[in-house]
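Residue strings, one per chain:
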Amino acid sequence: MLRREIPHDAREGRVVYVSRSHLAPAPLAGDQMLTPLQPLQPWTEQMQPLCYWDDEPVALLIEKEPGADWIDGRQWMAELPASWFSLLSTALQVGAWFENHRFCGRCGAQATKLAAEFAMHCHACGHRNYPRISPCIITLVTSGEAMLLARSPRFAPGRYSTLAGFIEPGESAEEAVHREVFEEVGVHVDQLRYYQSQAWPFPHSLMFGFFAEATTRRIQIDGVEISDAAWFSPRQLPSLPPPYSISRELIETHLARWR
């Protein structure tokens, strides 16, 4: 449904309003599904051409503050069909990038957005800035059928998830899995298996999903990023991450193996 081609020659089309990880809902007509795609309208200079959706050109309009009825990106992803994830993710990530990179990171001069690509160009020093993507690993650690799940202090009460962390400079994804798992819960792993990746626009991560088998089961949490961790049986599970997340996909894939 999404075509990653910037419609820079379009003069009208659909629009997505974004601000600080929130998207504005379009006005509802009859039994129309709630959507962030605003009706067909002329585009202004303030709008950024974004992509094509069902062959319709789509632009992005970044607002300083979300309106009272605007909906958080995570809620949009929970309520819309999975096919909408690519559009929501692209709009949120590009919106965050434009909002945070209006000035050159090298010399501080005001940057200018380019029409043919996602790029901010500084005419003062020539520096060109592209959307930031931060690679992360996210790993389901298992021991037979048991899963090692953990809680961040920021999670909703009772929710547990897989282990994740940013890949450091000069580090491979596999090295990051070993390091992050040991740093957060004190467990060594082997038998790493890459599963799939997912763009995570909060605000600009790219998650590389792995399975890993524990070689030790003793848990020692770091007490900072992790407030609790435990081994869970497929027959006794805590509250899990939302269905649209790669974390939940890792868990469901493992559970399907043991059903």
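Look up: the structure comes first, before these words.
Let me sum up the structure you'll find in this document. In this text, all values refer to a predicted model and were calculated from it rather than measured experimentally.

About the cut-offs
- Going along each chain's sequence as written, the residues are numbered from 1 onward.
- Totals for whole chains, interfaces and linings use all residues, but because this is a predicted model, local features are given only for residues with pLDDT of at least 70 and pairs of side-chain atoms are given and counted only at 80 or more.
- As a rule here, side-chain values cover all heavy atoms of the structure and leave hydrogens and water aside.
- Throughout this description, the term salt bridge denotes a Lys or Arg side-chain nitrogen within 4 Å of a carboxyl oxygen of Asp or Glu.
- Helix numbering and strand numbering both begin at the N terminus, where a helix is a DSSP run of H or I of at least 4 residues and a strand a DSSP run of E of at least 2.
- Note on exposure labels: buried denotes an accessible area under 20% of the residue type's maximum, exposed denotes more than 50%, and partly exposed covers the range between, all computed with a 1.4 Å probe on protein chains only.
- What a helix is expected to span follows from its residue count: subtract one and scale by 1.5 Å.
- Residues are treated as being in contact if the distance between any of their heavy atoms lies within 4.5 Å.
- Only Phe, Tyr and Trp rings are paired, with Trp represented by its six-membered ring, and only when their centres lie within 6.5 Å; those with planes under 30 degrees apart are stacked, over 60 edge-to-face, the remainder tilted.
- Any Lys NZ or Arg CZ that is within 6 Å of a ring centre and within 35 degrees of that ring's normal is treated as a charge sitting over the ring.
- Side-chain atoms within 4.5 Å are what join buried Ala, Val, Leu, Ile, Met, Phe, Trp, Tyr and Cys residues into a set we call a nonpolar core.
- For two strands to pair, DSSP has to find at least two bridges joining them.

### Comments concerning the pattern of salt bridges
No. 1: Considering all chains together, one arrives at 13 salt bridges under this definition.
No. 2: In this structure, the salt-bridge partner of Arg235 is Glu145, at a minimum N-O distance of 2.4 Å. Of the two residues, Arg235 sits in the loop between strand S16 (228-232) and helix H4 (246-257) while Glu145 sits in the loop between strand S11 (134-143) and strand S12 (146-151), which places them 90 residues apart along the sequence.
No. 3: What makes Arg235 exposed here is its relative accessible area of 64%.

### Overview of H4
No. 1: Given a rise of 1.5 Å per residue, 12 residues ought to cover 16 Å, and the 17 Å separating the end C-alpha atoms of H4 matches this to within 8%.
No. 2: Inspection of H4 places Ile246, Ser247, Leu250, Ile251, His254 and Leu255 among the buried residues, and these make up the whole buried set.
No. 3: Buried residues along H4 sit against S11, S12, strand S14 (189-200) and strand S15 (205-214).

### Some details on the packing of aromatic side chains
No. 1: If you walk through the whole model with that rule in mind, you get 7 aromatic pairs.
No. 2: Both rings, one in Tyr160 and one in Phe232, keep their centres 5.1 Å apart while their planes meet at 65°; by these two values the pair is edge-to-face. In this pair, Tyr160 sits in the loop between S12 and strand S13 (163-166) while Phe232 sits in strand S16, placing the two residues 72 residues apart along the sequence. Grouping residues by exposure puts Tyr160 and Phe232 together as buried.
No. 3: Ring centres of Trp200 and Tyr244 lie 6.0 Å apart, and the angle between their planes is 20°; on these two criteria the pair is classed as stacked. With a gap of 44 residues between them, Trp200 in strand S14 and Tyr244 in the loop between S16 and H4 connect regions that are remote in the sequence.
No. 4: Overall, the relative accessible area of 17% leaves Trp200 in the buried class.
No. 5: Linked through ring pairs, Trp200, Phe202 and Tyr244 together constitute an aromatic cluster.
No. 6: Seen from the ring of Phe202, Arg74 lies directly overhead, with NZ or CZ sitting 3.8 Å from the centre.
No. 7: The aromatic ring of Trp231 is capped on one face by Arg217, whose charged end is 4.5 Å from the ring centroid.

### A word on the nonpolar core
No. 1: With 44 residues, the main nonpolar core has Leu50, Leu87 and Leu149 as its most contacted residues.
No. 2: Here this core gets 8 residues from one element, more than from any other, and that element is helix H2 (residues 85-100).
No. 3: The residues touching Leu87, leaving out its near neighbours within four places in the chain, are Leu2, Leu37, Leu50, Cys51 and Trp53.
No. 4: Judged by nonpolar contacts, the second largest core, of 20 residues, contains Ile137, Ala176, Val177 and Ile226.

### Details of the sheet that holds strand S8 (residues 112-113)
For sheets, the rule is that strands pair by backbone hydrogen bonds, running either parallel or antiparallel.
No. 1: Taken together, the 3 strands give an open sheet; going across it, the order is S8-S9-S10, and neighbouring strands pair in antiparallel fashion. The open sheet has two edge strands with one neighbour each: S8 and strand S10 (128-129).
No. 2: Pairing geometry for S8 and strand S9 (residues 120-121), over 2 bridges, is antiparallel. In the strand pairing of S9, Thr112 is matched with His121.

### Considering the side chain of Ser152
No. 1: Relative to the elements of secondary structure, Ser152 occurs in the loop between S12 and S13.
No. 2: With residues near it in sequence (within four places) discarded, Ser152 still touches Glu225 and Ser227.

### Details of the pairing of strand S5 (residues 48-53)
Successive side chains on a regular strand alternate, one facing one side of the sheet and the next facing the other.
No. 1: Within S5, 6 of the 6 residues are buried, leaving the element largely enclosed by the surrounding structure.
No. 2: Sheet topology places strand S1 (residues 2-3) next to S5; 2 bridges connect them, and they run antiparallel. Bridge pairing in S5 links Arg3 to Tyr52.
No. 3: In terms of strand pairing, S5 meets strand S6 (residues 56-62) through 5 bridges, oriented antiparallel. For Tyr52, the partnering residue across the bridge sits in S6 and is Pro57.
No. 4: Where S5 folds back onto S6 in an antiparallel hairpin, the turn is made up of 2 residues, including Asp54, whose phi is positive at roughly 55°.

### Some remarks on unusual backbone geometry
No. 1: Of the consecutive residues Phe202 and Pro203, the connecting peptide bond is found in the cis state with omega at 0°.
No. 2: Position of Pro203 relative to the elements: it lies in the loop between S14 and S15.
No. 3: The backbone of Asp54 sits at a positive phi, close to 55°, despite the residue not being glycine.
No. 4: Here Asp54 shows up in the loop between S5 and S6.
No. 5: Here the phi dihedral of Gln191 falls at roughly 55°; this positive angle occurs in a residue that is not glycine.
No. 6: Note on Gln191: relative accessible area 59%, which makes it exposed.

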